[in-house]
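Given next are the chains, with one letter for each unit.
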Amino acid sequence: MDRKPLTREFFDRSVLDVAPDLLGRTLVRRGPDGVVELRITEVEAYAGEVDPGSHAFRGRTARNDVMFGPPGHAYVYFTYGMWHCLNLVCGPEGRASGVLLRAGEVRRGAELARPRRLSARSDKELAKGPARLATALAVDRTLNGSDVVGGTAAGAPAADGPLGVLRGTPVAPDLVRSGPRTGVGGDGAHQPWRFWIDGDPTVSPYRAHVPRRRRS
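Note on numbering: residues in each chain are counted from 1, in written sequence order. In keeping with the predicted nature of the model, local features appear solely for residues at pLDDT of at least 70, side-chain atom pairs appear and are counted solely at 80 or more, and the whole-chain, interface and lining totals rest on all residues. Water and hydrogen atoms play no part in the side-chain values, which are based on all heavy atoms of the structure.

**Some remarks on the side chain of Glu125**
- Secondary structure elements follow DSSP: runs of H or I of four or more residues count as helices, runs of E of two or more count as strands, with numbering from the N terminus. With respect to the secondary-structure elements, Glu125 resides in the loop between helix H3 (110-113) and helix H4 (130-136).
- Here a polar contact is recorded for every N or O atom pair within 3.5 Å, except that within protein the pair must consist of a potential hydrogen donor and a potential acceptor, and residues adjacent in sequence are included only if both atoms are side-chain atoms. At 2.7 Å, the side chain of Glu125 and the side chain of Arg121 are in polar contact.

**Thoughts on the pattern of salt bridges**
- Within this document, salt bridges are pairs made up of a side-chain nitrogen of Lys or Arg and a carboxyl oxygen of Asp or Glu, the two lying within 4 Å of each other. Tallying each qualifying case throughout the model produces 18 salt bridges.
- Close ionic contact of Asp21 with Arg25 constitutes a salt bridge, the shortest N to O distance being 2.7 Å.
- Under the scheme applied here, a residue whose accessible area is under 20% of the maximum for its type counts as buried, over 50% as exposed, and between as partly exposed, the area being computed with a 1.4 Å probe on protein chains only. Relative accessible area serves as the criterion here: at 24%, Asp21 is assigned to the partly exposed category.
- A relative accessible area of 9% places Arg25 in the buried class.
- Look at the salt bridges and you will find they share partners, linking Arg39, Glu105, Arg107 and Asp200 into a network.

**Comments concerning the environment of Lys128**
- Tracing the sequence through the fold places Lys128 in the loop between H3 and H4.
- Exposure remark for Lys128: the relative accessible area of 23% places this residue in the partly exposed category.
- For the pair formed by Lys128 and Val106, sequence separation is 22 residues and the distance between their alpha carbons is 10.0 Å.
- In this description, contact between two residues means that some pair of their heavy atoms is separated by no more than 4.5 Å. Each residue touching Lys128, except ones within four places of it in the same chain, is listed here: Arg102, Ala103, Pro201, Thr202, Val203 and Ser204.
- A polar contact is formed between the side chain of Lys128 and the backbone oxygen of Pro201, at a distance of 3.2 Å.

**Structural notes on the packing of aromatic side chains**
- Planes of paired rings set the category: under 30 degrees apart is stacked, over 60 is edge-to-face and the rest tilted, where pairs are Phe, Tyr or Trp rings (Trp by its six-membered ring) whose centres lie within 6.5 Å. Taken as a whole, this structure holds 2 aromatic pairs when the rule is applied.
- Seen in terms of ring centroids, Phe10 and Phe11 are 5.1 Å apart; in terms of plane orientation they differ by 75°. Their pairing is edge-to-face.
- Judged by its relative accessible area of 0%, Phe11 is buried.
- Arranged with centres 5.7 Å apart and planes meeting at 40°, the rings of Tyr75 and Tyr77 form a pair that is tilted. Each of the two residues, Tyr75 as well as Tyr77, counts as buried.
- For Arg13, the ring lying beneath its charged end belongs to Phe10, and the centroid distance is 4.6 Å. Lysine and arginine charges are scored as sitting over a ring when NZ or CZ, respectively, is within 6 Å of the ring centre and within 35 degrees of the ring normal.

**With respect to the side chain of Arg102**
- Within the secondary structure, Arg102 is located in strand S6 (residues 98-108).
- Of note is the side chain of Arg102, whose polar atom sits 3.1 Å from the side chain of Ser204.
- Non-local contacts of Arg102, meaning those with residues more than four positions away in its chain, are made with Glu42, Val43, Glu44, Ala127, Lys128, Gly129, Pro130, Leu133, Thr182, Arg194 and Ser204.

**Here's the deal with the nonpolar core**
- The term nonpolar core refers to a set of buried residues drawn from Ala, Val, Leu, Ile, Met, Phe, Trp, Tyr and Cys, joined through side-chain atoms within 4.5 Å. With 43 residues, the main nonpolar core has Phe11, Leu22, Leu27, Val43, Leu86, Val99 and Leu101 as its most contacted residues.
- Examining the composition of this core, we find that 5 residues originate from one element, strand S3 (residues 34-46), more than from any other.
- Leu22 has contacts with Leu6, Phe10, Phe11, Ile40, Val43, Leu88, Val99, Leu101 and Val165, leaving out every residue within four places of it along the chain.
- In terms of nonpolar packing, the next biggest core, distinct from the first, is built from 12 residues, Tyr46, Ala56, Val66 and Phe68 among them.

Everything listed is a geometric property; what it means functionally is a separate question.
Okay, structure coming up:
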């Protein structure tokens with residue numbers, strides 16, 4: 001596995017180029033109790049103000065401000081009053097887009113992730129889904145805006161910050177699959193912007209959007 005960090009330039013591209021290229025890369029979470037490393041196996045692309053499924057579709061807010069900033073930073077949001085989700089900002093500064101990390105394989109630090117995910121029946125389920133991934137890595141809003149690059153040039157040393165993304169081992173193109181995003185409705189429902197590694201047991205199951213019932 002290549003231990004060099006990904007560069008700022010890697011993230012400064014179209015979200016539809018960055019998203020599948022993140023498969024097989026290594027996400028590093030450094031905390032006070034140790035390090036957890038995760039091989040990314042499933043992602044979703046969100047194209048900002050042109051994407052009805054994106055948090056940035058209606059413009060810049062206090063919540064999504066990080067998405068409009070420089071590429072190569074973490075966008076962490078809180079959802080359903082109980083879960084966090086981790087995204088990586090990409091594209092040129094000022095044009096919001098990001099990649100939601102949906103699933104991964106914990107390859108180091110499973111002993112740290114297991115107590116955070118007591119309901120997981122095996123290590124394959126530790127980060128099988130975006131909220132589970134964030135929980136296994138102890139990711140919350142305090143990490144919103146974290147720089148995951150640690151350098152602007154190729155081969156720059158990894159930062160000592162809480163989050164980082166290493167080059168890892170990119171997935172062969174013939175193993176990358178794509179389809180509709182999970183839980184996205186409306187005009188963005190059928191965009192094939194979810195990408196995953198074919199046959200990987202840590203990939204989460206697809207779930208279509210279910211409209212909420214209005215109260216009478």
